[in-house]
Amino acid sequence: MRLSIFVGCFVVAAVAVHFGLVPSGVGGSNVVWVILLALVLSAPLSFVLLRKQRDEMSQQIVSSVDRAKARLEANRTREDGVTP
């Protein structure tokens, strides 16, 4: 998803540079300039547009970590209860 947002911003930046809406790069750095513009445009868009997906992934990670902690605690208490 992030890649498609970047590609869309790259196309928009390339069209804007081609038609003179945005100044072009100096010398032969036009492609680098368009890539930088696309990065600057896509970062805030991704932050806003992918917020729901990021929150869902965060919840999945938190639940996985909580399950792992519970298993480790259960194993630790089981080992402590064994006496020789």
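The structure displayed is predicted, hence computed values, not measured ones.

Caption draft 1: Spatial organisation of the packing of aromatic side chains. Scanning the model with the defined rule gives one aromatic pair in all. Aromatic side chains Phe 6 and Phe 10 sit 6.4 Å apart centroid to centroid with 35° between the ring planes, which places their arrangement in the tilted category. Taken as a pair, Phe 6 and Phe 10 lie in helix α1 (residues 2-18) at a separation of four residues, close to a single helical turn.

Caption draft 2: Region of interest: the pattern of salt bridges. For the coordinates displayed, the defined rule picks out one salt bridge. For Glu 73, the salt bridge identified is with Arg 76, shortest N-O distance 2.5 Å. Here the residue Glu 73 and the residue Arg 76 both occupy positions in helix α3 (residues 51-80), the gap between them amounting to three residues, near one helical turn. Using a relative accessible area of 39% as the deciding quantity, one classes Glu 73 as partly exposed. The partly exposed category is assigned to Arg 76, whose relative accessible area is 41%.

Calculation notes
Residues numbered from 1 in each chain as written. Predicted model: local features only at pLDDT ≥ 70, side-chain atom pairs only at ≥ 80, totals over all residues. Heavy atoms only, no water. Phe/Tyr/Trp six-rings, centres within 6.5 Å; stacked < 30°, edge-to-face > 60°. Helix = DSSP H or I, 4+ residues; strand = E, 2+ residues; numbered from the N terminus. Salt bridge = Lys/Arg side-chain N within 4 Å of Asp/Glu carboxyl O. Buried < 20%, exposed > 50% of the residue type's maximum accessible area, 1.4 Å probe, protein only.

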